[in-house]
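# Architecture at a glance
What follows is each chain in one-letter form.
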Amino acid sequence: MTTTTSTIAPYDRVTELKAFDHAKTGVQGLVDAGIQHVPRIFINQPETIPKAPTSIELPLIDLGSLDRASTVEKIREASKNLGLFQVVNHGIPLSVMDETLKGVRRFHEQDVETKKRFYTRDASNTVVYNSNIDLYSSPAANWRDTFFSVMAPLPPKAEELPEVCRDIQIEYSNHVLKLGGLLFRLISEALGLEPNHLGDMDCDKGLTFVGHCYPACPQPDLTMGATKHTDDGFLTVLLQDDIGGLQILHQNQWVDVPPTPGALVINIGDLLQMISNDELKSVEHRVVANEKGPRVSVGCFFTTALAASTKMYGPIKELVSDENPPRYRETTVHDYAQYSVSKGLDGVPRLLHLKI
């Protein structure tokens, strides 16, 4: 019997991960250094799921509509079938959205030494800046840098936030909290519940502001901006620039979701799928790397993941019956988020962890 040796030279992955991490300059640091080839720690396994030839036109829901019943039905349909929809007339001025993206860009483009002060893997810090929160647990690193702050239920002191973006970060987060209150009321109604049901469950109480930067990539076919995943919270409000790159898994194909000027993308998270007992869908999505860049986006995640609460969440009793029994076991938000981070973005649905 003959054996073959791999054509890929062996390397000490952990050592290379640590070297990248300890530099504290992220992917942007690699780009600034003039890198021409994607380092091995970022290289993904070849994709087996085909890419759709056309993009998808997400449902565009007008939150200013006076026909509430129609709005609720559109949200129900989109949340059940796609897990994703767009909203306009959402109450957040275009000037605030634009300045928020500029603020995130300013953070990532500021002086390296200033930025390094925020670099940490301690998620309890007021501001956490790093590259790949799951750097040491995912099969491949993603081509992006990130900073995040928990903005609710206990907002940080303004002086603790990065000076280059603190004012707009606070202003935008306050707008999103208000928008979230409306969305959770509409989704409650879409599930046939009282409007305040999800709010009374505290689904709208926690908010994390996440500012992503996806630098231009010299070999975008080898890596990803964000590997296939679902969001582990209740609901995500996504603000993105005009570069694009977001794709969703729809009918077993990757489909482009091009940005719509002035609209926000809303996607259902794992916890909302779980408590709805699969009435709603947490959509698998990813972000492709791009030769153009940097792409900037802001994800606001409704979750209390960083608060060690003992509050248990399981399928809502009004949504289960003898004919439709609970499909998931209960968990705390914190425990599910800890599992999510420890697992990394390995492409396997995280909700399987809770399946009965």
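No experiment lies behind these values; they were computed from the predicted model shown.

Moving on to helix 6 (residues 166-190). The α-helix advances 3.6 residues per turn, and as a result positions three or four apart in sequence lie on the same side. Helix length check: helix 6 (25 residues) gives 35 Å between terminal C-alpha atoms against 36 Å at 1.5 Å per residue, within 8%. Looking at the residues trailing helix 6, positive phi occurs at Gly192, about 80 degrees.

Ordered in space as 1-2-10-7-12-5-4-3, the 8 strands form an open sheet in which the pairing is mixed. Of all strands in the sheet, those bounded by a partner on one side alone are strand 1 (60-62) and strand 3 (128-130). Across the sheet, the mean angle from the axis of one strand to that of its neighbour is 25 degrees, orientation sign disregarded. Direction of pairing for strand 3 relative to strand 4 (residues 145-152): antiparallel, over a ladder of 3 bridges. Bridged to Val128 within strand 4 is Phe148. Where helix 4 (residues 94-109) meets the sheet, it contacts strand 3, strand 4, strand 5 (207-214), strand 7 (235-240), strand 10 (264-268) and strand 12 (295-302), and its direction lies at approximately 110 degrees from that of strand 12. Across the sheet, helix 6 touches strand 2 (84-88), strand 4, strand 5, strand 7, strand 10 and strand 12, and the angle it forms with strand 7 is around 135 degrees.

We now examine the sheet that holds strand 11 (residues 285-288). Spatial strand order, 6-11-8-9: 4 strands in an open sheet with antiparallel pairing. Of all strands in the sheet, those with a lone pairing partner are strand 6 (224-229) and strand 9 (253-256), marking the two edges. Put simply, the sheet's adjacent strands are angled 30 degrees from each other on average, direction ignored. In this structure, strand 8 (residues 246-250) lies alongside strand 9, joined through 4 bridges in antiparallel fashion. What sits directly across from Ile248, in strand 9, is Val255.

On to the confidence of the model for the protein chain. A low pLDDT score tells you not to read the predicted coordinates there in detail. Of all residues in the protein chain, 97% have pLDDT values of 70 or greater, and the mean over the chain is 94. Every residue in residues 1-7 is under pLDDT 50, and counting partners more than four places away or in other chains gives 0 contacts.

Definitions and cut-offs
- Residues numbered from 1 in each chain as written.
- Predicted model: local features only at pLDDT ≥ 70, side-chain atom pairs only at ≥ 80, totals over all residues.
- Heavy atoms only, no water.
- Helix = DSSP H or I, 4+ residues; strand = E, 2+ residues; numbered from the N terminus.
- Expected span 1.5 Å × (residues − 1).
- Pairing = 2+ DSSP bridges.
- Axes fitted to C-alpha atoms, helices over the stretch in contact; angles between N-to-C directions.
- Contact = heavy atoms within 4.5 Å.
- pLDDT = per-residue confidence, 0-100.

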